[in-house]
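The chain contents come next:
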Amino acid sequence: KTVERRVPSESIGHKPTSRGPLLEVRTTMPSLIIAGASARAAAFAAHHSGFNVATADLFADADLREIAVSTILHRYPYGLIEAMKKLPPGPWMYTGALENYPKLINRLAQSRQLLGMRGEQLRTARDPFAVAKTLRDAELPTAECRTFENPPATDGTWLLKPRRSAGGFGIQPWTAQLQPAGKGHYFQRRIEGTPIAAVFLGNTCEAVLLGITQQLTATSWAHAEAFQYAGSIGPLPLSETATDEFRRIGNVLCKQFGLTGLFGVDAIFSSDRIVPVEINPRYPASVEVLERVSDWSSVGLHVQACLDGDLPGDLSRTSNANTQACCGKAILYAPQHVTIDEALHRHLMENRGNARHPRLADIPTPGTDIPSQRPVLTVFAVV
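What counts and how
- Residues numbered from 1 in each chain as written.
- Predicted model: local features only at pLDDT ≥ 70, side-chain atom pairs only at ≥ 80, totals over all residues.
- Heavy atoms only, no water.
- Helix = DSSP H or I, 4+ residues; strand = E, 2+ residues; numbered from the N terminus.
- Buried < 20%, exposed > 50% of the residue type's maximum accessible area, 1.4 Å probe, protein only.
- Areas by Shrake-Rupley, 256 points an atom, 1.4 Å probe, with all protein chains shown as cover.
- Pairing = 2+ DSSP bridges.
- Axes fitted to C-alpha atoms, helices over the stretch in contact; angles between N-to-C directions.
- Contact = heavy atoms within 4.5 Å.
- Phe/Tyr/Trp six-rings, centres within 6.5 Å; stacked < 30°, edge-to-face > 60°.
- 1 Å grid on protein atoms, 1.4 Å probe; cavity = no way out; pocket = protein on both sides within 12 Å on 5 of 7 lines; lining within 4 Å.
- Points joined across faces, edges and corners; volume = space filled by probe spheres on them.
- Salt bridge = Lys/Arg side-chain N within 4 Å of Asp/Glu carboxyl O.

A. Up close: the overall build of the protein. Along the protein, the regular secondary structure elements total 11 helices and 20 strands. Within the protein, buried positions represent 59% of all 383 residues. Accessible surface, the protein as shown: approximately 15,900 Å² in total, 51% of it carbon and sulfur.

What follows is the structure, given as structure tokens:
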């Protein structure tokens, strides 16, 4: 059966009960449901932590099906309403870009325990103007934002960004040739520098930094378009001053928006300053890069933070200090229309490498139809 790999158009939190080194998480939770545009990374992390995993996403790729009960969503994201009814019992968590649908998340949370942030938290954390004000009030750097009703000069120094964003899709330099699509878009001042991201673990009251990565965007060899997320490299060692600034940013945002479990902060590293541009209040895409060179379980930590408010020590002090190990992942996009035949599928599966830390992931099933500029698979390298 031919499946089109589409890209989306667009909690439980308690006060901390303990704080210390928490590298191994033990749980008696029988199963965990993971839903989102792509569930593979979080599903593998959960599987290796001992969970029985079931997923619902856009792809249900071949490698994911080996370790999880996998359901493909032909009507994303609202097909989750029916899909969740057919999945095994157990709590659930979400990956990108479900954070753009707070009403749907609240509806799903009515019938199944949610490990993550509910709609009311998502609405404020995903509001770029609320984020910018929070950072300004804390005297932290921030990128200036404007509403569609107050357009800036069309000289390319501003970006037109969709409010329902994911993976950099739909972001464009603001020029005279573009027209904002009403309230669904906003403007953000363009910051020159290196795209980076930090992964945090929060419990609504405080956050710990798990690590920092450099973001790959507009990577021509991966056929990624401008601003499109194409992978991560990390841990990224920054100066202690810059890393401390990231820690403060994470704590300020966590307290203001009640962030629970794993969350990410995308930023631009400019003139030795961290300038946040977006919060990703869910399992971040870059966390598996950090996890590969560390000894902690991302999903295990997420579950424990959501259930009990438990946080580990600052794991970035060990992961980012380990300059002997570095992991990179790249998402390869189709330069043209591609159909995965049986021979190509078999070749990818045979050359994916170690099951726990594969070289290739997100491997499409035979017959998958991939339009141009849609993701094909993920490639890893560790040095």
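B. A look at the sheet that holds strand β9 (residues 185-189). Across the sheet, 4 strands lie side by side as β6-β9-β7-β8; this open sheet has antiparallel pairing. Strands at the two margins of the open sheet, each flanked by one partner only, are β6 (145-147) and β8 (172-175). Strand-to-strand twist of the sheet, defined as the mean angle between neighbouring strand axes without regard to direction, takes the value 40°. Lying on the sheet, helix α6 (residues 128-137) is in contact with β6 and β9; it crosses β6 at an angle near 145°.

C. Representation of unusual backbone geometry in the model. For the peptide bond that leads from Tyr76 to Pro77, omega is 0°, which places it in the cis range. You can see Pro77 is positioned in the loop between β4 (68-72) and α3 (80-86). Across the junction of Gly96 and Ala97, the peptide omega takes the value 5°, indicating a cis bond. Summarising the element assignment, Ala97 is placed in the loop between β5 (92-94) and α4 (102-109). The residue Thr204 is not glycine, and still its phi comes out positive at about 75°. Even without a glycine there, the phi angle at Ala218 is positive, about 50°. Here Ala218 is to be found in the loop between β11 (207-217) and β12 (229-234). Looking at Ala218, the relative accessible area reads 40%, which means it is partly exposed.

D. Summary view of the packing of aromatic side chains. Tallying each qualifying case throughout the model produces 6 aromatic pairs. A centroid spacing of 5.9 Å and a plane angle of 85° characterise the contact between Tyr78 and Tyr101, whose relative ring orientation is edge-to-face. With a gap of 23 residues between them, Tyr78 in the loop between β4 and α3 and Tyr101 in the loop between β5 and α4 connect regions that are remote in the sequence. When its relative accessible area of 35% is taken as the criterion, Tyr78 is described as partly exposed. Judged by its relative accessible area of 5%, Tyr101 is buried. Judged by centre distance (5.9 Å) and plane angle (50°), the ring pair of Trp92 and Tyr94 falls under tilted. Residues Trp92 and Tyr94 agree in their burial class; the two are buried.

E. Representation of empty space enclosed by the protein within the structure. For the largest cavity, the calculated volume is near 140 Å³. Pro128, Tyr186, Val277, Glu278 and Ile279 are, among the 19 residues lining the largest cavity, the residues nearest its centre. Going through the elements one at a time, α6, β9 and β14 (273-280) are the ones with two or more residues in the lining of the largest cavity. The space that makes up the second largest cavity amounts to roughly 50 Å³. Looking at the second largest cavity, the residues that line it are Met93, Tyr94, Leu115, Gly116, Met117, Thr260, Leu262, Pro281, Arg282, Tyr283 and His302.

F. Representation of the pattern of salt bridges within the structure. Summed over all chains, the structure comprises 16 salt bridges. Among the ionic pairs, Arg146 bridges to Glu144, the shortest N-O distance being 4.0 Å. Of the residues examined, Arg146 reaches a relative accessible area of 23% and is grouped as partly exposed. Notably, a salt bridge pairs Arg247 with Asp314, separated by 2.4 Å at the nearest N-O pair. Of this pair, Arg247 sits in helix α7 (residues 240-257) while Asp314 is found in the loop between β15 (311-312) and α10 (316-319), placing the two residues 67 residues apart along the sequence. Connected through salt bridges with shared partners, the residues Arg40, Glu288, Lys329 and Asp362 form a single ionic network.

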